Amino acid sequence: MSDTQKDIIILGGSYAGTSVAHYTLKHILPTLPSPESYRVTIVSPSTEVICRPACPRALVSDEYFDQTKLFVDLQEQFAQYGTKFRFIHAHATGLDTEGRVATVTLVGDGSQLKLDYHALVIATGSSTPSPLLSLNGGGRDALKENWKTFRASLATAKSIVIAGGGATGIETAGELGEHLNGRAGFLSSKLDKPKVQITVVTSAKDILPVLRPAIGQAAEGYLAKVGVDVIKGVKVESVSPSEAGGSEITAKSEVKLSNGKTLSADLYIPAYGTTPNTAFVDSSLRVQDGRVDTNPETLRVDKAGPRVYAAGDASNYARPAVHILMEAIPVLAANLKRDLLQAAGKTPPSDDRIFKADESETHLVPIGRSKGVGAAKGFKMPSFFVWLIKGRDYWVSMTGNTWTGQQWAKET
Ligand SMILES: Cc1cc2nc3c(=O)[nH]c(=O)nc-3n(C[C@H](O)[C@H](O)[C@H](O)COP(=O)(O)OP(=O)(O)OC[C@H]3O[C@@H](n4cnc5c(N)ncnc54)[C@H](O)[C@@H]3O)c2cc1C
């Protein structure tokens, strides 16, 4: 690295990280004085990107998706930029915002690298309690191995308990229900004697709390048709063994509920909440739930010094959702561009760009391979449209444009 090299370091290589990287390479670097002195680096423990929303169906069987579209090689998407781009196969493990250095630990030999940064983007996302639903800081092979172990035990499972009534829990229940039990006929409201008893437990009054209660209730009807029962207003208090559904993916377990009952589960799936992957960030830069304390309008991490940004599930800028994140990318990039121009002694052409998160009732939830519920911008969506927009392939084909950078071909 030359003395004049200015590194833009992006920690995390999924929706947020790859999008900021493409946007920067396409629309920011060419506008800076001495563009050849800048380089964009993505640090990620996974050499592939994955369409994460597809996990509830992908975990059931490889037959449902073209695996080459579900898992996509990250570096190939950036070959178009030559030496302007660098990939480091590593975890971010430390951050010194005074010295402006990120420490990363290489996946191969565990050695550490210190990366000086001119600008930094924290895009390390979040992990799920179930290792079936996300890369969780690992790679494709580890996730596929988890799926293989889980699928092998589906052959003999008679009962599955899923904790969590949000979209992830409901989609997972719907996919498993249809795959294992099939679907009740047109005239039946419920599948009688399902082969596998699948139960969703939620502490909330209704499932799918992001949506109005009537939509959650409609979802319950579709779940009943694939042999899924829902227990509402009840918490999972404990699971024995405690690692069931986590590191012991296929352990039979006893699930103790807050109503005093206990469910026996051949398979248990914790499908509630996520944990931000931000352990490497000092607690003074995080909010209580662990996400990076980010200015929700500018997407800068104000307390981290100049030219530090965060977006996506690692940030507290908005609720975790791909459509909100995709609207945030051009704003983050505009402010990054402004700050880089200023640091290069130029007067930026405009003021800060301001982000406003879309807080409308927007959420699509497939239930099995042909039904679904949801709303977009406050309008309830018929089941057919939920299937058409999301349920057909959980956006696996469409997401290819995000990975290649085609989605960011124009500066918006
Ligand atoms: C099962 C499931 C279904 C979902 N369905 C939907 C949906 O239908 N619609 C929707 O809008 N949203 C959905 N979401 C939410 C959506 O997936 C997230 O909002 C989105 O993935 C966030 O992208 P991200 O880039 O911030 O982080 P992530 O996608 O979490 O990716 C983080 C990346 O950072 C890497 N990383 C982790 N730790 C480190 C580290 N220490 N150093 C460097 N890199 C690291 C990871 O390997 C990963 O590549 C779903 C989430 C889940 C779990």
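None of the values given here were measured: they were computed from a predicted structure.

Caption draft 1: Region of interest: the site of the ligand. The environment of the ligand is made up of 29 residues, and the closest members are Ser14, Ala92, Asp313, Val322 and Lys390. In the environment of the ligand, an oxygen atom lies 2.7 Å from a nitrogen or oxygen atom belonging to the side chain of Asp313. Only helix H1 (15-28), strand E2 (38-44), strand E5 (85-96) and helix H8 (322-343) provide two or more residues apiece to the shell around the ligand. If you tally residues by element for the shell around the ligand, the top one is H8, at three residues.

Caption draft 2: Broad picture of the sheet that holds strand E15 (residues 262-265). The three strands lie next to each other as E13-E14-E15, forming an open sheet whose pairing is antiparallel. In the strand order of this sheet, the two ends are held by strand E13 (236-240) and E15, each with one partner. Taking each pair of neighbouring strands and ignoring which way they run, the sheet shows an average axis angle of 20°. Where E13 meets strand E14 (residues 253-257), four bridges bridge the pair, whose relative direction is antiparallel. Following the sheet pairing, Val239 is matched in E14 by Val255.

Caption draft 3: Up close: the pattern of salt bridges. Throughout the structure, instances matching the rule amount to 21 salt bridges. The residue Arg212 makes a salt bridge to Glu361 at a minimum N-O spacing of 2.7 Å. Remark: Glu361 occurs in the loop between H8 and strand E19 (363-367) and Arg212 occurs in the loop between strand E11 (197-201) and helix H7 (213-225); sequence separation between them is 149 residues. The partly exposed category is assigned to Arg212, whose relative accessible area is 30%. Here Glu361 falls in the buried class, since its relative accessible area comes to 17%. The closest approach of N and O atoms between Lys303 and Asp293, which form a salt bridge, is 3.2 Å. Here the residue Lys303 occupies a position in the loop between strand E17 (275-276) and strand E18 (308-310), and Asp293 occupies one in the loop between E17 and E18, the gap between them amounting to ten residues.

Caption draft 4: Broad picture of H7. Helix length check: H7, at 13 residues, gives a terminal C-alpha distance of 19 Å against a target of 18 Å (1.5 Å per residue), a fit within 8%. Every buried residue of H7 is accounted for by Ile215, Gly216, Ala219, Leu223, Ala224 and Lys225. For H7, the elements touching its buried residues are helix H6 (167-181), strand E12 (228-231), E19, strand E20 (371-376) and strand E21 (379-380). The first or second residue beyond H7 is Gly227, which carries a positive phi of 80°.

Quick notes on the rules
The numbers attached to residues start from 1 for each chain and follow its sequence in the written order. For a predicted model such as this one, the threshold for reporting local features is a pLDDT of at least 70, and the threshold for listing and counting side-chain atom pairs is 80 or more; totals across whole chains, interfaces and linings nevertheless cover every residue. The basis for every side-chain value is the complete set of heavy atoms in the structure, and neither hydrogens nor water enter the calculation. The criterion for a residue being near a molecule or strand is simple. One of its heavy atoms has to lie within 4 Å of it. Throughout this description, a polar contact denotes any pair of N or O atoms lying within 3.5 Å of each other; where both atoms belong to protein, one of them has to be capable of donating a hydrogen while the other can accept it, and for residues adjacent in sequence the pair is counted only when both atoms sit in side chains. A helix here means a DSSP run of H or I that spans at least four residues, while a strand means a run of E at least two residues long, and both kinds are numbered starting from the N terminus. If DSSP finds at least two bridges between two strands, the strands pair. A fitted line through C-alpha atoms represents every axis, and for helices the fit uses only the stretch in contact; the resulting angles, taken between N-to-C directions, go from 0 to 180 degrees. Whenever a carboxyl oxygen of Asp or Glu lies within 4 Å of a side-chain nitrogen of Lys or Arg, that contact is scored as a salt bridge. The buried label applies to any residue whose accessible area, calculated with a 1.4 Å probe on protein chains only, is under 20% of its type's maximum; exposed applies above 50%, and partly exposed to all values in between. Helix span, expected: 1.5 Å multiplied by one less than the number of residues in the helix. Pairs of residues are marked as contacts when any of their non-hydrogen atoms sit within 4.5 Å.

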